[in-house]
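What follows is the residue order along each chain.
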Amino acid sequence: MIAKLTDAERAELLPALTGWTHEPARDGIAKRYVFKDFTQAFAFMARVALLAEKADHHPEWSNVWNRVDILLTTHDAGGLSMRDIDLARAIDA
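Parameters at a glance
- Counting from 1, residues in each chain are numbered in the order their sequence is written.
- Selection of residues for local features in this predicted model requires a pLDDT of at least 70, selection of side-chain atom pairs for listing and counting requires 80 or more, and totals for whole chains, interfaces and linings are taken over all residues.
- Calculated side-chain values reflect all of the structure's heavy atoms, with hydrogen atoms and water omitted.
- Labels follow the DSSP assignment, with helices taken as runs of H or I lasting at least four residues and strands as runs of E lasting at least two, numbered in each case from the N terminus.
- Polar contact criterion, stated in full: a pair of N or O atoms within 3.5 Å, where within protein one must be able to donate a hydrogen and the other to accept it, and residues adjacent in sequence count only if both atoms are side-chain atoms.
- Under the scheme applied here, a residue whose accessible area is under 20% of the maximum for its type counts as buried, over 50% as exposed, and between as partly exposed, the area being computed with a 1.4 Å probe on protein chains only.
- Between any two strands, pairing holds if DSSP finds at least two bridges.
- Definition used in this section: a nonpolar core is a set of buried Ala, Val, Leu, Ile, Met, Phe, Trp, Tyr and Cys residues joined via side-chain atoms within 4.5 Å.
- For this analysis, residues touch if any pair of their heavy atoms sits within 4.5 Å.

A closer look at the environment of H75
Relative to the helices and strands, H75 is located in the loop between strand 4 (67–72) and helix 3 (82–92). In this structure, the C-alpha to C-alpha distance between H75 and H57, residues 18 residues apart in sequence, is 9.9 Å. For H75, the side chain forms a polar contact with the side chain of E60, separated by 3.1 Å.

Shown next, in the form of C-alpha cells:
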C-alpha cells in the first residue's frame, strides 16, 4: 500500500518543489507549464508520458495550445504521496 505524506513530510518536501502548489481540494500538487507553441507543449507531454509510464504513476493533465496543466495525486493513497513528489521532481528535471 502507498502511504499518504504526513504533515511533517509535506512541510519538508513541498517548499522544495519550485512552482508547484498544493491543491487541498484534491490533496495533490499542481503546476502550469507554458511553452512557445503547441508543438513544444505536445513534445513536453510526450516526454512526461514516458516518465509517468516508467514510474507507473500517471498525472491528471490538460493541454490548451501552449499550456500544460498537471495535477499529481495518488488515488491509491487517498492523496499526496512520495510518488507525486518523485514524479514532480522528474518532470522538472
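Once you've had a look at it, read on.
Thoughts on the pairing of strand 2 (residues 28–34)
Among the 7 residues that make up strand 2, 5 are buried, leaving the element largely enclosed by the rest of the structure. The turn linking strand 1 (residues 21–23) back onto strand 2 is made up of 4 residues, and D27 within it adopts a positive phi angle of 45°. Pairing analysis gives 6 bridges linking strand 2 to strand 4, with the strands arranged antiparallel. For Y33, the partnering residue across the bridge sits in strand 4 and is V68.

Thoughts on the nonpolar core
Formed by 21 residues in total, the largest nonpolar core has its most connected members in W20, I29, F44, I70, L72 and I91. Of all the elements in the fold, those that place two or more residues in this core are strand 2, helix 2 (38–55), strand 4 and helix 3. Apart from residues lying up to four places away in sequence, L72 is in contact with W20, G28, I29, P59, L80, D84, L87, A88 and I91.

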